[in-house]
Structure formats: C-alpha cells, structure tokens
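Next come the chains, spelled out residue by residue.
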Amino acid sequence: MLVTGGAGYIGSHTVKALGAAGHHVIVFDNFSAGHAQAIRRAAVVVGDVCDGDAVYRALVEHRVTAVLHFAAWLSVADSVRDPAGYYANNVGGALSVLGAMARASVRVLVFSSTAAVYGRPVETPISEDHPTQPINPYGETKLAVERALPYFCRAYGLEATSLRYFNAAGADPDGTLGEDHRPEIHLIPRAIEAALGGPALDVFGEDYDTPDGTCLRDYVHVSDVADAHVLALGARNEPASVMVFNVGNARPHSVREVIAVVERVARRPVPWRGAPRRAGDPAVLYASNAKISRELGWTPRFADLESMVETAWRWRRDHPHGYQNGSAS
Ligand SMILES: NC(=O)c1ccc[n+]([C@@H]2O[C@H](COP(=O)([O-])OP(=O)(O)OC[C@H]3O[C@@H](n4cnc5c(N)ncnc54)[C@H](O)[C@@H]3O)[C@@H](O)[C@H]2O)c1
C-alpha cells in the first residue's frame, strides 16, 4: 500500500491500522505538514505528490497494489486566501497520483474527501446523495478530484473509493500517535490548549438556530476513520467504478458541548470568548453513516465524544510539544 500523506494526522493512524491488518505500507510524504516521528513500521519515500515521476517510481519500486491518497492541505481559511496553492496541491497532486497509478497499472485507490463537498446542507443527516455544492475552495478542490475519478476508472480500470470524513478527532488509544497540526485549526485540541493556559478559545457564533446557539458538528474518532480505510480496501468494487461513503458518527455535538466535555476530562475550565460567525459555517453538519455501516460493516469503536476528548487529552498531556523535540514516546 502506498499511503500519501502518511506522516499526517489521519494518515499516520491509518498506517498503523493497515499494519495491524497485515498490509505492507510505504509512506509517501513531503513533510510539509507531517512528522517523521508519526511513522512507525513503514518504509518512507520523501517526495511531493505533484511530482508524478517520483510517485510513479515509488509505485514501481515498491510493487504497490493500492494507493491511499491523504496528501493535501485542509485549512478552509487558507484555501480562501490561497486558492492557487490549494488547487495546485490538492487537485494537481491528486491528478499526478492518478496519472502515475495509470502508468504503473495500480488499480485500487482510496481517496480522502471531506464533508466540505456538501456545502450548506439542505437536509440533515447528510447522506451520500445529498447535493454537492461546496462553499469554499478547499471543498471545491476535493469535489474536483471526486468528479475526475469516474473518468479515470473508465479509462484505466481504476477502482476508487472516496471517503468523506466529517470532523476527525481524538488520538490513538495507546498514546503513541496524535494530532499535531501547526497551526492547530481543530476545535478539540484548541480547547485543550486553552484549558492548559494557551490562548482563550474563540467560539465563532453563539446565535445559530441550535439548542445552545453554537454550531453542531459530527466528530469521528481518528482510529475509526483509519478503520474505514482498512474496510474500504477489503471491499470489492465493481470493476472500474467509484464508491462514496460518509465517515461520521451521525451524532451532532455543539461547540459548547465540546467545551463542557473538555472541562470534565481535563478537570479545568476552558477559557473561551464569543467571536463573530465565520463566513460559510453552516449551523448544523452531521452525517448519515447508514451506507458505510451497511456496505462496509463499519462500526465505530469510539463513537462517544468523551473517548475522543480523553484520547486527545492524554496525547497532549504526554506530548506537550507534539512530535517536536523528540518528545513523542
Ligand atoms: N482532519 C480532518 O478532520 C479531515 C476532515 C476531512 C477530510 N480530511 C482530509 O484528510 C486528509 C488528511 O488530513 P489530516 O488531518 O491528516 O492532515 P495533515 O495535514 O495532518 O496530513 C496531510 C499530510 O499530507 C502531507 N502532504 C501535503 N501536501 C503534500 C504533497 N504535495 N506531497 C506530499 N505530501 C504532502 C503533509 O506533509 C501531511 O503529512 C486530507 O486530504 C484532508 O483534506 C481531513
């Protein structure tokens, strides 16, 4: 298996899950956001996915049979500021991986997509056949790749699975892997940081039409996201076809609820302050996971918010500098 972006948050957890399932894994990463210490028991190729020849060489040299393509940038705000960079890295990178796969006759792909492809929900829970109308460049880049996949499948016999993750959260339960984005853009690690004396947490909008006025989101444990990849690889697609699955818990939690759980787990207050709504933040976003449960047999092991916060808290407590300074155990 070639795992692009395998040094990143979800990629590294998936590398671990693939290894446990008996797969031989090669990580392909340029370390623009990933961490060498997050890679255990996998060969590493340092390279950029936009370099199609480098991807092709890795596929051939390591006799790869399937690619899991995580490598991408994922900040909505940055994608608004730098659409050129986001299209180049996320769309250009994916097309270069797909081209290299076609040249090397590698037929199986699992693609990291996102709930951001749906845009503003017209109904919740969101099922896979909900309209896809992204409201930011990040979501557009992921949808552009999804839209290219059927053509690559038909022309080159590719079998592709697109996994649309909702909000990945938590850390590996054995404490060796965790979330270390720089800057951190996700709610749970930011709330933990605030509890530990970091900057107060900004809560973007307290006047949404939700029970406590803050946005509702679907948090899914990163190890459960990793498991979805192992299941996707084990499933047999129709030849030359694309399958699409949501990866979410189908349970919405508000920002205020997340803060309360962090306070309970950390046993300290989370200082927070109200901030204006962010453009393009829908009030409620949560998945239907009926399809992935039914067709792949996916059952989340850590569906409760407490488990996500508790594993994230332990990771942060034991690795105050994340993967830096050799502090990762
Ligand atoms: N984290 C989430 O909640 C979430 C939600 C939905 C979708 N996703 C998608 O999942 C994937 C992984 O997300 P993550 O949170 O693990 O991100 P991450 O930033 O932790 O990991 C991304 C990895 O890709 C690498 N990378 C980026 N551009 C590259 C390039 N051009 N060449 C080689 N390597 C490159 C980075 O160095 C990093 O190791 C992304 O595609 C993201 O869009 C994430």
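A.B. asks: Explain the side chain of Ser96 residue by residue, including any values.
C.D. replies: Looking at where Ser96 falls in the secondary structure, it is placed in helix H4 (residues 83-104). The residues touching Ser96, leaving out its near neighbours within four places in the chain, are Val49, Cys50, Asp51 and Gly52.

A.B. asks: Before we move on, could you go through the domain arrangement of the protein and cite the residues and values that matter?
C.D. replies: The assigned domain composition of the protein is domain 1 (2-169 + 219-247) and domain 2 (187-217 + 251-287 + 302-324). The gap between the C-alpha centroids of domain 1 and domain 2 is 26 Å. At the junction of the two partners, domain 1 supplies 19 residues and domain 2 supplies 20 residues. When the two sides are added together, the surface that domain 1 and domain 2 hide from each other amounts to roughly 1700 Å², 69% of it contributed by carbon and sulfur. At the junction of domain 1 and domain 2, the tally comes to zero salt bridges. Taken together, domain 1 and domain 2 are joined by four residue pairs in polar contact (both at pLDDT 80 or more). When contributions to the side of domain 1 that touches domain 2 are tallied by element, the ones reaching two or more residues are strand S7 (167-169), strand S9 (216-221) and helix H7 (222-234).

A.B. asks: Can you break down the nonpolar core residue by residue, with the values?
C.D. replies: Within the largest apolar cluster, 30 residues are counted, with the highest numbers of intra-cluster contacts made by Ile10, Leu68 and Val247. Sorting the residues of this core by element identifies helix H1 (9-20), strand S4 (66-69), strand S6 (159-165), H7, strand S10 (242-247) and helix H9 (290-296) as the ones contributing at least two each. Top contributing element to this core by residue count: H7, with five residues. Apart from residues lying up to four places away in sequence, Ile10 is in contact with Phe70, Tyr165, Ala168, Val222 and Val225. Counting residues in each nonpolar core, the second largest holds 27 residues, with Val55, Ala94, Leu98 and Leu149 among its members.

A.B. asks: Report on the sheet that holds S6, specifying residues and quantitative values.
C.D. replies: Taken together, the seven strands give an open sheet; going across it, the order is S3-S2-S1-S4-S5-S6-S10, and neighbouring strands pair in parallel fashion. In this open sheet, the two edge strands, each paired with only one partner strand, are strand S3 (43-46) and S10. Shown here is a sheet whose adjacent strand axes are inclined to one another by a mean of 20 degrees, direction ignored. With four bridges connecting them, S4 and strand S5 (residues 108-114) associate as parallel partners. Following the sheet pairing, His69 is matched in S5 by Phe111. Docked against the sheet, H1 engages strand S1 (2-4), strand S2 (26-29), S4 and S6, running at close to 165 degrees with respect to S1. Sitting on the sheet, H4 touches S1, S4 and S5, and the angle it makes with S4 is about 180 degrees.

Cut-offs used in this document
- Residues numbered from 1 in each chain as written.
- Predicted model: local features only at pLDDT ≥ 70, side-chain atom pairs only at ≥ 80, totals over all residues.
- Heavy atoms only, no water.
- Helix = DSSP H or I, 4+ residues; strand = E, 2+ residues; numbered from the N terminus.
- Contact = heavy atoms within 4.5 Å.
- Domains from an automatic or database assignment.
- Buried area = accessible area lost by both parts, 1.4 Å probe.
- Salt bridge = Lys/Arg side-chain N within 4 Å of Asp/Glu carboxyl O.
- Polar contact = N/O pair within 3.5 Å; in protein donor to acceptor, adjacent residues only side chain to side chain.
- Core = buried A, V, L, I, M, F, W, Y, C linked by side-chain atoms within 4.5 Å.
- Buried < 20%, exposed > 50% of the residue type's maximum accessible area, 1.4 Å probe, protein only.
- Pairing = 2+ DSSP bridges.
- Axes fitted to C-alpha atoms, helices over the stretch in contact; angles between N-to-C directions.

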